[in-house]
Amino acid sequence: AQSVTQLGSHVSVSEGALVLLRCNYSSSVPPYLFWYVQYPNQGLQLLLKYTSAATLVKGINGFEAEFKKSETSFHLTKPSAHMSDAAEYFCAVRSPDSGGSNYKLTFGKGTLLTVNP
Amino acid sequence: GAVVSQHPSRVICKSGTSVKIECRSLDFQATTMFWYRQFPKQSLMLMATSNEGSKATYEQGVEKDKFLINHASLTLSTLTVTSAHPEDSSFYICSATGPLAGGVLQETQYFGPGTRLLVL
């Protein structure tokens with residue numbers, strides 16, 4: 001079974017500061033990993049994904065994440081926070097095997113990012 | 001590309017009535033669609049998975065007779081909440097995915113904007 005743990009349900013940073021949102025996963029095989037962002041009363045937007053290619057993945061809006069197998073982590077970072085980055089962020093995992101029900105996503109509980117002026 | 005829409009964006013209904021929510025993939029063929037429910041300040045809970053032309057597969061604890069899912073075409077899936085009650089009030093989100101060239105299901109799910117249901 002797969003699982004995702006997002007450390008910190010709420011992260012607060014100042015505008016211009018580094019953003020670091022933590023995600024650790026549990027999986028019996030190297031998984032596919034995703035970060036999604038959700039703005040209030042909206043659906044989820046894909047930020048970036050890891051699918052067994054380069055371990056450092058760059059996404060939209062200046063975000064990036066690094067897959068570290070030894071640490072079973074996929075932390076999301078952005079060098080300089082912007083007010084518009086304030087949102088809920090979800091890390092998700094799925095099996096790379098497309099058979100059966102392996103395409104299901106397992107989500108973390110989410111991290112609310114607030115950006116202070 | 002990969003745009004998913006939902007309609008309506010919000011709906012208010014009386015207890016006991018049924019509500020239908022539509023999920024459409026606008027620019028790709030969605031062979032598989034997923035329906036999620038999200039409670040305030042919580043993560044997404046998968047309710048069911050539907051493959052085009054087949055019966056939906058429901059997650060444990062989800063009442064299939066209460067949440068009717070139809071996926072009759074490659075671009076449309078519907079979720080009908082039958083005899084809705086106040087406890088069904090929630091944010092319902094669909095996602096969709098489809099095949100890459102060669103028929104392998106692509107790894108990314110694309111999400112709709114969600115439907116806010118309030119049952120009075």
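Note that the structure is a prediction, hence the values are computed from the model and not measured.

Asks: Looking at this structure, I do not really get the overall build of chain B. What am I missing?
Replies: Along its length, chain B carries zero helices and eleven strands. Reading the secondary structure of chain B in the N-to-C direction produces β-β-β-β-β-β-β-β-β-β-β. A compact globule built from 120 residues should have a C-alpha radius of gyration of about 14 Å, and chain B, at 14 Å, falls within 12% of that. Seen through its principal axes, chain B has C-alpha atoms that stretch 45 × 25 × 25 Å. The proportion of buried residues among the 120 residues of chain B is 52%. When contacts within chain B are restricted to residue pairs at least 6 apart in sequence, those whose partners lie at least 24 apart make up 56%.

Asks: Honestly, the sheet that holds strand 7 (residues 67–73) of chain B in this entry has me stumped. Any pointers?
Replies: Think of a sheet as strands paired side by side through backbone hydrogen bonds, with each pair either parallel or antiparallel. Residue and element names in this part refer to chain B. Within the open sheet, the four strands sit side by side as 1-3-8-7. Their pairing is antiparallel. This sheet does not close on itself; its edge strands, each paired only once, are strand 1 (4–7) and strand 7. In this sheet, neighbouring strand axes are inclined to one another by 15° on average, regardless of whether the strands run parallel or antiparallel.

Asks: When you look at the side chain of glutamate 88 of chain A in this model, what are you seeing that I'm missing?
Replies: Residues and elements named next belong to chain A. Topologically, glutamate 88 is positioned in strand 10 (residues 87–94). For glutamate 88, the side chain forms a polar contact with the main-chain nitrogen of threonine 111, separated by 3.3 Å. When sequence neighbours within four positions are dropped, the list of residues in contact with glutamate 88 reads Tyr36, Val37, Gln38, Lys109, Gly110, Thr111 and Leu112.

Asks: Looking at this structure, how should I read unusual backbone geometry?
Replies: Peptide bonds are trans in most cases, and residues, glycine excluded, mostly fall at negative phi. That bond from histidine 7 of chain B to proline 8 of chain B is cis: its omega, 0°, falls within 30 degrees of zero. By the element assignment, proline 8 of chain B lies in the loop between strand 1 and strand 2 (10–13). With a phi close to 60°, asparagine 41 of chain A is a non-glycine residue in the positive phi region.

Asks: Teacher, can you tell me more about the interface of chain A and chain B here?
Replies: Interfaces are often sized by the amount of accessible area the parts lose when they come together. Chain A puts 19 residues into the contact, and the matching count from chain B is 23 residues. With both chains or domains summed, chain A and chain B bury close to 1,700 Å², and 56% of this area falls on carbon and sulfur atoms. Counting the contacts that link chain A with chain B gives one salt bridge. In this structure, glutamate 59 of chain B and lysine 104 of chain A form a salt bridge, with 2.6 Å as the shortest nitrogen-oxygen distance. Between the two partners, chain A and chain B, sit seven residue pairs in polar contact (both at pLDDT 80 or more). Secondary structure elements with two or more residues in the side of chain A that touches chain B: strand 5 (32–38), strand 6 (44–50) and strand 10 of chain A. For the side of chain A that touches chain B, the element with the most residues is strand 5 of chain A, which contributes four residues. A breakdown of the residues in the side of chain A that touches chain B according to their chemical character gives nine nonpolar, six polar and four charged.

Rules used throughout
- Residues numbered from 1 in each chain as written.
- Chains lettered and ligands numbered in written order.
- Predicted model: local features only at pLDDT ≥ 70, side-chain atom pairs only at ≥ 80, totals over all residues.
- Heavy atoms only, no water.
- Helix = DSSP H or I, 4+ residues; strand = E, 2+ residues; numbered from the N terminus.
- Rg over C-alpha atoms; globule rule 2.2 N^0.38 Å.
- Buried < 20%, exposed > 50% of the residue type's maximum accessible area, 1.4 Å probe, protein only.
- Contact = heavy atoms within 4.5 Å.
- Pairing = 2+ DSSP bridges.
- Axes fitted to C-alpha atoms, helices over the stretch in contact; angles between N-to-C directions.
- Polar contact = N/O pair within 3.5 Å; in protein donor to acceptor, adjacent residues only side chain to side chain.
- Buried area = accessible area lost by both parts, 1.4 Å probe.
- Salt bridge = Lys/Arg side-chain N within 4 Å of Asp/Glu carboxyl O.
- Nonpolar A, V, L, I, M, F, W, Y, C, P; charged D, E, K, R; others polar.

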